[in-house]
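Below, each chain spelled out in residue letters.
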Amino acid sequence: MSENPSIKETLDFEERIVLSEWSHRNCSVAEYQKMHGDSLAKFENFWASIANELEWFKPFEKVLEPGEYPNVYKWFVGGRLNLSYLCLDRHVKTHRKNKIAIIWEGEPAKSSNEPLEVRQISYYELWRLVNRVAYLMRHKLGLKKGDRIALYMPMIPELPVLMLAAARLGVIFTQVFSGFSSEALSARVNDLGARYLFTTDGYYRRGNIIRTKDIADKAIKDCPTVEKIVVIRRIGLTDINIDNNRDVFFDELLKDVPYNVYVEPEQLESTDALYVIYTSGTTGKPKGIIRDTGGYAVILNATMKWIFDITDEDIYWCTADIGWVTGHSYIVFGPLMSGATTLIFEGAPDYPEPDRWWSIIERYGVTIFYTSPTAVRAFMRLSPDYVKKHDLSTIRLIHSVGEPINPSAWKWLFELIGNKRCPVGSTWWMTETGGILISHTPGLKLVPLKPGTNGPPLPGIEVEVLDEEGKPVKSGVKGYLVIKKPWPGMPGPPTGMWGEPERYNEVYFSRFGYFFTGDYAIKDNDGYVWVLGRSDEVLKVAGHRIGTYELESTLVAHPYVAEAAVVGVPDEIKGEVPIAYVVLKTGVNPGPNIQTELKKWIREKIGAIADPKNIFVVSRLPKTRSGKIMRRVVKALALGKPVGDITTLEDESAVEEIKAAYEALAKELEAAKKT
Ligand code: 6R9
């Protein structure tokens, strides 16, 4: 774990910021704690009242019920609803009918002479289109409730359209982030047993064309359940491979679907699955988290109000990729359920110029800005003039997500982007939680801000920080963050994890008996939670979650590699980056470019996000006498820290070798700095 060194400093400093502009919401810590305590005291009634703010086809009979498998719960049992209905049909019956639902901006050309590619889609248009696509899915592809599809899609409006159309029919989708490799894609498609794979010919990123269809072609060779690839033409590439028996173009399927078809939304059970999302853990293959329908809708609806204070006037922008959970919840389903205008952009933050984001905020008058600490740290390195030349005065609320925010990044957002007027929060949650669980809640009550904290747990959410033995630690002491009560949005029935009935309970509940998040945290005297980072073998690289185990097993799958150990080390911008130590098989002669070769291998097998910063070839790894790699030791060495007790080590020379590798690198970096 890369601990945030400034947290201790901030805890001691106890800076508290109260914004006079938010006086209508400001409250004391005691007041918040009272409200929070009340919500827990009448837990089920509390969540029932929040759930009743939604429109249900059939009201739920029971708030919460244990499922068939340990620690899997059913929320809002007996209730029927549909997220496509809640995101669209409900709004087109109101004043929101002609309101813009989605503003989309394509990647601008390098030359400013070319017009910007922008699409603004009203709720009514989106509703029409989703109906047509749902019709297409049902009648042309034969999809029905419970079938599975995979979406390997870039950031274009067709992606939310596909998600909403699938949701309308009860077709379970999984999205695979468009930066993942063909192998990562086929593993997920196969695990879910998807019938169709939706992708594009390509997309634009930093002035390049990424050829998604080529990657999909490669992936699909090993995917027996996939009947067809449906290709959305984003670029209009004429040289992609088309297999007439297997590939179909989306526009050709859609062409003769009448513009006015209506597909009645399936009345789904609250406990029916909406999607499956794969995420990295400490061991084994990625975990397919099952997302239910009712609990998820409730947590999103609540958090859009409490945390984002969403109103009809807002232009809301979450800068994540829709392929990650943040995009599922807070670009698509959350904002659209709230009737907001949600902004989607294709491309990168710094292309064609480093002010792309600030120009977007100015161009559309963004009011709510939800971003990541990694992006902030990258911008902080550049001249503030890129920001200052744009009018950002429309912004009224800022949050970040994905990793701990260091106080200086927080201050940069607060001062430069928010002009000291806007609440800035750091919303804690994870793929497994579905929605935000720990955050400041400017839309409800606003306790004083503190740079770097996540703030208090939301009403209805009970968390605790425990020591090794599972006892609560005192305030200010670091421990393990657990969630004590079930929450709406938690992994859904029947098994929490797709196809793996035992694993869910084993992974999350075996250690403490409560849901263990995997995070280290501190609770301060005000009950604010400060998540410090992961306590396990999961890395957060630029906010992306990567298991060291996944990287290690990919490395040892290379024909030259016998053993591998991967650890995370702090990085000024990305928060954390992987470093790998590998032992080669005896007798192989890899040549001088083995590091480059292994980096390429990881890109091919997982994707560029997992690219290790350094790969060191060593002759042995530090192991216990029973043959287990001592990661603690590898990690300390990678950080240039003392290794502590190594009496159980089998062979101390392994330590010396890694130490030497670290020192050589440190020297190299020092030399590079000087030149
Ligand atoms: C939404 C998302 C989950 C892990 C989580 C924690 C870290 C996320 C954070 C944060 C500190 C925040 N994390 N938000 N840490 N402050 N505001 O990121 O999901 O990709 O599953 O990652 O991210 O370590 O355990 P996911």
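Shown above is the structure to which this text applies.
The following paragraphs examine the structure supplied in this document. (Residues numbered from 1 in each chain as written. Predicted model: local features only at pLDDT ≥ 70, side-chain atom pairs only at ≥ 80, totals over all residues. Heavy atoms only, no water.)

1. Section: the overall build of the protein chain
Okay, so step 1: Counting secondary structure elements, the protein chain contains 20 helices and 29 strands.
Okay, so step 2: Against the globule reference of 26 Å for 675 residues, the protein chain gives a C-alpha radius of gyration of 25 Å, in line with a compact fold.
Okay, so step 3: Taking the principal axes of its C-alpha atoms as reference, the protein chain extends roughly 70 × 65 × 60 Å.
Okay, so step 4: In the protein chain, buried positions account for 61% of the 675 residues. (Helix = DSSP H or I, 4+ residues; strand = E, 2+ residues; numbered from the N terminus. Rg over C-alpha atoms; globule rule 2.2 N^0.38 Å. Buried < 20%, exposed > 50% of the residue type's maximum accessible area, 1.4 Å probe, protein only.)

2. Here we look at the side chain of Asp201
Okay, so step 1: With respect to the helices, strands and loops of the structure, Asp201 is situated in the loop between β8 (196-200) and β9 (203-205).
Okay, so step 2: It turns out Asp201 is buried and unbridged, and the closest side chain with the opposite charge, Arg233, is 6.6 Å from it.
Okay, so step 3: A polar atom in the side chain of Asp201 sits 2.8 Å from the backbone nitrogen of Arg234.
Okay, so step 4: Polar side-chain contacts of Asp201 include one of 2.6 Å to the backbone nitrogen of Gly236.
Okay, so step 5: In this view, Asp201 contacts Ile210, Arg211, Thr212, Lys213, Val231, Ile232, Arg233, Arg234, Ile235, Gly236, Leu237 and Ile240; residues no more than four positions away in its chain are not counted. (Lys, Arg positive; Asp, Glu negative; His and termini not counted. Salt bridge = Lys/Arg side-chain N within 4 Å of Asp/Glu carboxyl O. Polar contact = N/O pair within 3.5 Å; in protein donor to acceptor, adjacent residues only side chain to side chain. Contact = heavy atoms within 4.5 Å.)

3. Structural notes on the environment of Trp127
Okay, so step 1: In this fold, Trp127 is placed in helix α5 (residues 123-140).
Okay, so step 2: Of the residues examined, Trp127 reaches a relative accessible area of 13% and is grouped as buried.
Okay, so step 3: Trp127 sits 320 residues away from Val447 along the chain, and the two C-alpha atoms are 38 Å apart.
Okay, so step 4: Those residues in contact with Trp127, other than ones at most four positions away along the chain, are Leu88, Asp89, Val92, Arg168 and Tyr262.
Okay, so step 5: Looking at Trp127, its side chain comes within polar contact range of the side chain of Asp89, at 3.1 Å.

4. Observations concerning empty space enclosed by the protein
Okay, so step 1: Under the criterion given, the structure shown has one cavity of 30 Å³ or more.
Okay, so step 2: Approximately 40 Å³ is the volume found for the largest cavity.
Okay, so step 3: Residue lining of the largest cavity: Trp358, Phe379, Leu382, Ser383, Pro384, Tyr386, Val387 and Trp412, and that is the complete set.
Okay, so step 4: Class assignment for the residues of the lining of the largest cavity results in seven nonpolar, one polar and no charged. (1 Å grid on protein atoms, 1.4 Å probe; cavity = no way out; pocket = protein on both sides within 12 Å on 5 of 7 lines; lining within 4 Å. Points joined across faces, edges and corners; volume = space filled by probe spheres on them. Nonpolar A, V, L, I, M, F, W, Y, C, P; charged D, E, K, R; others polar.)

5. Here's the deal with the pairing of strand β7 (residues 172-175)
Okay, so step 1: The two faces of β7 match: Ile172 and Thr174 on one face and Phe173 and Gln175 on the other face are all buried.
Okay, so step 2: As for the winding sense of the linkage, the β-α-β connection from strand β6 (residues 148-152) through helix α6 (residues 158-169) to β7 is right-handed. (Right-handed = clockwise from strand over helix to strand, strands pointing away.)

6. Regarding the packing of helix α7 (residues 182-192) against helix α8 (residues 212-220)
A pair of packed helices is captured by two measures, namely the crossing angle of their axes and the spacing between those axes.
Okay, so step 1: For the pair α7 and α8, the least separation of the axes is 8 Å and the interaxial angle reads 55°. If you check the angle between α7 and α8, you find them oblique. As α7 packs across α8, the resulting crossing turns out to be right-handed. Between α7 and α8, the contacting residues are Ser182, Leu185 and Ser186 on the first element and Ile215, Ala216, Lys218 and Ala219 on the second.
Okay, so step 2: Residues that form the contact of α7 with α8 fall into these classes: four nonpolar, two polar and one charged. (Axes fitted to C-alpha atoms, helices over the stretch in contact; angles between N-to-C directions. Parallel < 35°, antiparallel > 145°, perpendicular 65-115°, else oblique. Left-handed = near helix turned anticlockwise from the far one by under 90°.)

7. Quick word on the sheet that holds strand β27 (residues 561-571)
Okay, so step 1: The sheet built from three strands is open, its strands ordered β27-β28-β29 with mixed pairing. Looking along the sheet, the strands with just one partner apiece sit at the ends: β27 and β29 (614-617). Within this sheet the neighbouring strands show an average axis-to-axis angle of 20°, counted without direction.
Okay, so step 2: Pairing analysis gives four bridges linking strand β28 (residues 575-584) to β29, with the strands arranged parallel. If you follow Val582 over to β29, its bridge partner there is Val617.
Okay, so step 3: The strands that helix α18 (residues 594-605) touches are β27, β28 and β29; relative to β29, the one it contacts most, it runs at about 130°. (Pairing = 2+ DSSP bridges.)

8. Some points on the nonpolar core
Okay, so step 1: In this structure, Trp47 and Phe333 are the most contacted members of the largest nonpolar core, which totals 150 residues.
Okay, so step 2: Sequence-distant contacts of Trp47, that is, excluding residues within four places in its chain, are made with Val63, Trp75, Phe76, Val298, Ile299, Trp306, Pro459, Gly460, Ile461 and Pro488.
Okay, so step 3: Core analysis: the second largest hydrophobic core is formed by 63 residues, Phe180, Leu539, Val567 and Ala638 among them. (Core = buried A, V, L, I, M, F, W, Y, C linked by side-chain atoms within 4.5 Å.)

9. Remarks on the site of the ligand
Okay, so step 1: In the vicinity of the ligand lie 18 residues, with Thr431, Asp519, Arg534, Lys540 and Arg545 positioned nearest.
Okay, so step 2: A distance of 2.9 Å separates a nitrogen atom of the ligand from a polar backbone atom of Thr427.
Okay, so step 3: Measuring from a nitrogen atom of the ligand, one finds a side-chain N or O atom of Asn454 at 3.1 Å.
Okay, so step 4: Relative to its free-state accessible area of 530 Å², the ligand is covered by the protein chains to the extent of 96%.
Okay, so step 5: Those elements giving two or more residues to the shell around the ligand turn out to be α11 (325-337) and β24 (529-534).
Okay, so step 6: Here the residues of the shell around the ligand sort into seven nonpolar, six polar and five charged. (Near = heavy atom within 4 Å. Areas by Shrake-Rupley, 256 points an atom, 1.4 Å probe, with all protein chains shown as cover.)

10. Side note on the environment of Gly418
Okay, so step 1: For Gly418, the position within the fold is in the loop between α15 (407-417) and β20 (424-426).
Okay, so step 2: For the pair formed by Gly418 and Phe616, sequence separation is 198 residues and the distance between their alpha carbons is 43 Å.
Okay, so step 3: Excluding its chain neighbours within four sequence positions, the residues that come into contact with Gly418 are Ile398 and Leu413.

11. Topic: the packing of aromatic side chains
Okay, so step 1: Applying the stated criterion to the full structure yields 46 aromatic pairs.
Okay, so step 2: Here a set of aromatic residues connected by ring pairs shows up, and it is made of Phe43, Phe46, Trp47, Trp56, Phe60, Trp75, Phe76 and Trp306.
Okay, so step 3: Positioned over the ring face of Tyr124 is Lys97, at 4.8 Å from the centre of the ring.
Okay, so step 4: Sitting over the ring of Phe43, Lys485 keeps its end group 5.5 Å from the ring centre. (Phe/Tyr/Trp six-rings, centres within 6.5 Å; stacked < 30°, edge-to-face > 60°. Lys NZ or Arg CZ within 6 Å of the ring centre and 35° of its normal.)

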